[in-house]
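Residue-level listing of the chains:
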Amino acid sequence: MKIFAAEQIYAADKTTIKKQNITSDVLMERAATRLFEWLHLRLQGNPVKIHLFCGIGNNGGDGLVLARQLKEEGYNIAVYVVRYSEKRSDDFSTNLERLKKREVTPDVLEEGDALPTISKDDIIVDAIFGLGLNRPPDDWVVALFEHLHRSRAFTLSVDIPSGLFTDRVPSDKKAVVKANHTLTFQVPKLVFFLPKTGIFTENWEVLDIGLDQEFLSTAETDYELIGKNEVLAFYEPRKKYSHKGTYGHSLIIGGSYGKIGAVHLAAKACLHTGSGLVTAYVPQCGYTPLQTNLPEAMVITDAAEKHISKIDFDIEPTVIGLGIGMGKDTKTVNALGQFLDVNKTPLVIDADALNILSENEEFLDKLPPRSVLTPHPKELERLIGKWDGDFQKLEMAKSFSQKYDCVLVIKGSNTLTIYDGKGYVNTTGNPGMATGGTGDVLTGMVTGLIAQGYPPLQAAIFGVYMHGEAGDTMVEDTGYQTLTASKLIEGIGEAFLDLFAVDDDVLADEE
Ligand SMILES: NC(=O)C1=CN([C@@H]2O[C@H](COP(=O)(O)OP(=O)(O)OC[C@H]3O[C@@H](n4cnc5c(N)ncnc54)[C@H](O)[C@@H]3O)[C@@H](O)[C@H]2O)[C@@H](O)CC1
Ligand SMILES: [K+]
């Protein structure tokens, strides 16, 4: 699913109005009707108090239309106009008049006014600012936001939590409404997925308001949301007349004394993702544990006992996963530099190899085109430098990926894969996966996909999705705290099966 920038949404709005020959007022009515339907379906006439806070722009207009429709259905509402500006949008004004005709006169809130009492069992509708926010809200509006937050009432934001910009991180956390749920129009917004801005809404949901399909399907966007539909397009079925050679040979290079488990996890995940053959290249201390515990993998050992001192092998791997548990011993650093001088095989690079690259920038020029780098936030910072906010981080990551022609997988709650100026936002995964070894599993999975012929970008996007899906499947049995990297590997099979699973609802309909 595409993620549109605010300007594109305004343009989609305009095109829709023109092509459907409607007024903006009709579009607002349609959008707010979707909000009403959402609430009405859940509340079924429940007399709970609903406080609607409306700004003076079109977001506020949506709130006013919703208030009118709730009133007509007999709901217990209180409406407030948050007058943070003298200006009013036309559709706001039209709908204010319509509401007044239904004998609902909103309370106007201005600087210095007493704030309404809200009980924790009430519902707040936040229609104060939408996509049009262009500067931080005034202090008294921030105080209102804090008042809403303190009430602990369920807060439903319209389109976007008020105070959240679409293109930058707010400098003051208090200056944004904390939404329990956001009903966003037509398309998800990038800010829902970034660590410093995603925290302002616990959940989000898209409401289809019938914006012009042609515009939506033809527009190019800088970001895309990756769910099952997107990755299904990449999936390569296993062929009947195939053999292990058909699915590539992965080489996992890494490990050091005390960190052989990382290689074990990566190699095992690589096998579970479908790599035809997997070989591990480890220091000698890794030989016995790997041969004992992972019989499917072959093992080549370095001359050194406890760390990699020279990367030297006589096999021809399809792809190499590099760096897990490798450490940064001087000999290892030299070995990596010499290896990169001669290597032409596609690479997936993680962990200590990333840190070595950060400390030896000249190595970056030696990477084969479209190498996949999988940094967590700290490793990313070492690679691309410090950033100021999530948006600058993304721009810096894009430049880095362009400069070195690499696929950059920024690991996090919503892992973001960057390549060729575009970002792919993953939707699977959960906090249970914040545990040692899950990154090694991801490296193994992406390596295993490239081994089977998936191009590096698709392997990264698909691997990240499947990794998260495996975690989501397993956490249902383990709970967050007990999910481990080994468990995650067990979930990879389920993640593949889930790609083609038929929804229970569909089956129920057929019965
Ligand atoms: N295509 C869509 O997605 C649709 C969008 N609609 C709604 O329209 C919204 C956008 O409406 P607007 O463009 O009117 O934007 P807002 O409703 O966010 O209004 C902000 C208004 O306040 C001013 N302003 C911005 N920051 C301020 C600040 N810190 N202090 C004081 N004033 C400030 C702006 O100049 C603007 O007039 C969307 O978020 C959505 O809720 C819907 O009505 C219908 C369709
Ligand atoms: K809002």
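Before going into details, it helps to say that this report is about the structure given with it.

What counts and what doesn't
- Residues numbered from 1 in each chain as written.
- Chains lettered and ligands numbered in written order.
- Predicted model: local features only at pLDDT ≥ 70, side-chain atom pairs only at ≥ 80, totals over all residues.
- Heavy atoms only, no water.
- 1 Å grid on protein atoms, 1.4 Å probe; cavity = no way out; pocket = protein on both sides within 12 Å on 5 of 7 lines; lining within 4 Å.
- Points joined across faces, edges and corners; volume = space filled by probe spheres on them.
- Helix = DSSP H or I, 4+ residues; strand = E, 2+ residues; numbered from the N terminus.
- Near = heavy atom within 4 Å.
- Polar contact = N/O pair within 3.5 Å; in protein donor to acceptor, adjacent residues only side chain to side chain.
- Areas by Shrake-Rupley, 256 points an atom, 1.4 Å probe, with all protein chains shown as cover.
- Sits in = over half its atoms within 2 Å of the grid points.
- Nonpolar A, V, L, I, M, F, W, Y, C, P; charged D, E, K, R; others polar.
- Buried < 20%, exposed > 50% of the residue type's maximum accessible area, 1.4 Å probe, protein only.
- Contact = heavy atoms within 4.5 Å.
- Pairing = 2+ DSSP bridges.
- Axes fitted to C-alpha atoms, helices over the stretch in contact; angles between N-to-C directions.

**Structural notes on the layout of surface pockets**
- Considered as a void within the structure, the largest pocket measures approximately 950 Å³ in volume.
- Around the largest pocket, the lining is made up of 35 residues, and of these Tyr10, Gly57, Asn58, Asn59 and Gly132 lie nearest the centre.
- Contributing elements (two or more residues each) for the lining of the largest pocket: α1 (6-19), α2 (24-43) and α3 (58-72).
- Considering each element in turn, the lining of the largest pocket owes the most residues, 5 residues, to α1.

**Quick word on the site of ligand 1**
- Taken together, the neighbourhood of ligand 1 is formed by 24 residues, with Tyr10, Asp62, Gly130, Arg135 and Asp159 sitting nearest.
- In this structure, an oxygen atom belonging to ligand 1 sits 2.5 Å away from a side-chain N or O atom of Tyr10.
- The side chain of Asp13 places a nitrogen or oxygen atom 3.1 Å from a nitrogen atom of ligand 1.
- Taking 870 Å² as the accessible area of ligand 1 by itself, protein coverage stands at 91%.
- For ligand 1, the cavity whose grid points lie within 2 Å of the majority of its atoms is the largest pocket.
- Split into classes, the residues belonging to the shell around ligand 1 amount to 13 nonpolar, 6 polar and 5 charged.

**Here's the deal with the environment of Leu109**
- Along the polypeptide, Leu109 turns up in strand β4 (residues 107-109).
- For Leu109, a relative accessible area of 5% corresponds to the buried category.
- Taking the C-alpha atoms as reference, Leu109 lies 9.8 Å from Gly55; in sequence the two are 54 residues apart.
- Apart from residues no more than four positions distant in its own chain, Leu109 is found in contact with Phe53, Tyr80, Val81, Val82, Arg83, Ala114, Pro116, Trp140 and Leu144.

**Regarding the sheet that holds strand β14 (residues 347-349)**
- Across the sheet, which stays open at both edges, the 11 strands sit in the order β1-β9-β18-β17-β16-β15-β14-β13-β10-β11-β12 with mixed pairing between neighbours. Since the sheet does not close on itself, it has two edges, and those belong to β1 (2-3) and β12 (298-301), each with one partner.
- Pairing of strand β10 (residues 249-253) with strand β11 (residues 277-282) involves 5 bridges; the strand directions are parallel. Considered in β11, the bridge of His249 is made with Leu277.
- Each of β10, β13 (319-322), β14, β15 (371-373) and β16 (406-410) touches helix α14 (residues 438-451); the most contacted strand, β13, lies at about 170° to it.

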